[in-house]
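Each chain, letter by letter, is given below.
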Amino acid sequence: MKFNNNIEDLDALGNDHIGTSSDTPLRKDAFSLSTDEKIDIIKDDVRHIMETLGLDLTDDSLNGTPNRVAKMFVKELFGGLDPKRKPNASTFENKYKYGEMLVEKNITVYSTCEHHLLPIVGKAHVAYISNGTVVGLSKMNRIVDYYAKRPQVQERLTIQIVKELQDVLQTEDVACVIDAKHLCVNSRGIRDTESSTVTSEFGGKFKEKETRREFLDYIKLDTQF
Ligand SMILES: [Zn+2]
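Quick summary incoming for the structure in this document. The shown structure was predicted, so the numbers you read here are calculated from the model rather than taken from an experiment. All residue numbers here refer to positions counted from 1 along the written sequence of the relevant chain. The predicted origin of the model limits local features to residues at a pLDDT of at least 70 and limits the giving and counting of side-chain atom pairs to 80 or more, whereas totals for whole chains, interfaces and linings rest on all residues. Where side-chain values are given, they derive from all heavy atoms of the structure, hydrogens and water being excluded.

Next up on the list: the overall build of the chain. Check the secondary structure of the chain and you find eight helices and seven strands. Taken over the C-alpha atoms alone, the chain extends approximately 65 × 45 × 35 Å along its principal axes. With a 1.4 Å probe rolled over the protein chains alone, any residue whose accessible area is under 20% of its type maximum counts as buried; one over 50% counts as exposed, and the rest are partly exposed. The proportion of buried residues among the 225 residues of the chain is 36%. Contacts are assigned to residue pairs with any non-hydrogen atoms lying within 4.5 Å of each other. Pairs at least 24 residues apart make up 67% of the contacts formed inside the chain by residues separated by at least 6 positions. Going along the chain from the N terminus, every DSSP run of H or I of four or more residues is numbered as a helix, and every run of E of two or more is numbered as a strand.

Below, the structure is given as structure tokens:
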């Protein structure tokens, strides 16, 4: 599908939450500014937005907001744009010779919709079958969090998590399902507070019906702790 760059088409594209690529669209000069330089520029931009809206930034309650938001954007909400923050890929030899599926369920996802800059909140379920290499369990959470901390579309986030784990684990046999609420759908626009969005990406053996079924059955387990 080819889109023209006019504002109506781009608006419709964003409202339909269609992503255009599995890679985050980054400018060539994305990393030419330092973190502090970025915060400085964004701080002025946020101040401009707030003043345009008519807010009085000399009020004590609002005075620190531009700086706070700028720091939050660069270091927290969108910190996953910075490749230096990518969790390092230490892997281990599969000493137990565990050859079955490993599933990390209910990984908390806090991301941001790139079309409205509103939160995406949900759970990711990630699985892999080791071909001799394993990763620490928390590494899976960290990878989910790293890619979530970008302006995102949920489909791309799902694919990026799978690709990263395939890379780290040197196997195609990786899968991810994400179930998440988009505040741009829940709190504005259509205002459907109940709906959530499920996306999935199945690599290697997970494309086979039985393996995929097993993974989906584990996700459904409702163990009480
Ligand atoms: Zn949105």
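What follows continues from the structure just given.
Positive phi values are uncommon outside glycine, yet Leu117 reaches one of about 55 degrees. Its location among the elements puts Leu117 in the loop between strand E2 (101–113) and strand E3 (119–129). Here Leu117 falls in the partly exposed class, since its relative accessible area comes to 48%. Even without being glycine, Gln170 reaches a positive phi, approximately 55 degrees. Secondary-structure assignment places Gln170 in the loop between helix H6 (154–169) and strand E6 (174–182). In this structure Gln170 comes out as exposed when scored by relative accessible area, which is 56%.

Let's shift gears to a negative patch on the surface. Grouping into patches uses exposed residues only, defined as over 30% relative accessible area, and leaves out salt-bridged ones; the cut-off is 9 Å for like charges and 5 Å for nonpolar side chains (Val, Leu, Ile, Met, Phe, Trp, Tyr). The accessible surface values rely on the Shrake-Rupley method and a 1.4 Å probe; as for residues, cover is taken only from the protein chains in view. We define a salt bridge as a contact between a side-chain nitrogen of Lys or Arg and a carboxyl oxygen of Asp or Glu at a distance within 4 Å. Only four residue types enter the charge count, namely Lys and Arg as positive and Asp and Glu as negative; His and the chain termini do not. Every charge is mapped to an atom, namely NZ of Lys, CZ of Arg, CG of Asp or CD of Glu. On the surface, Glu51, Asp56, Asp59 and Asp60 cluster together into a patch of negative charge. Tracing the sequence through the fold places Asp56 in the loop between helix H2 (35–52) and helix H3 (60–63).

Turning next to a positive patch on the surface. Taken together, Arg68, Lys71, Lys75 and Arg85 make up a surface patch of like positive charges. Residue Lys71 is classed as partly exposed on the basis of its relative accessible area, which comes to 40%.

Take H6 next. Along its 16 residues, H6 runs 23 Å from first to last C-alpha, staying within 8% of the 22 Å computed at 1.5 Å per residue. Of all 16 residues that make up H6, 12 are buried, and the element is covered over most of its length. Residues Gln154, Arg156, Leu157, Thr158, Gln160, Ile161, Val162, Glu164, Leu165, Gln166, Val168 and Leu169 constitute the buried set of H6. Two residues or fewer past H6, Gln170 is found with a positive phi of approximately 55 degrees. For a helix, the expected span equals 1.5 Å multiplied by the residue count minus one.

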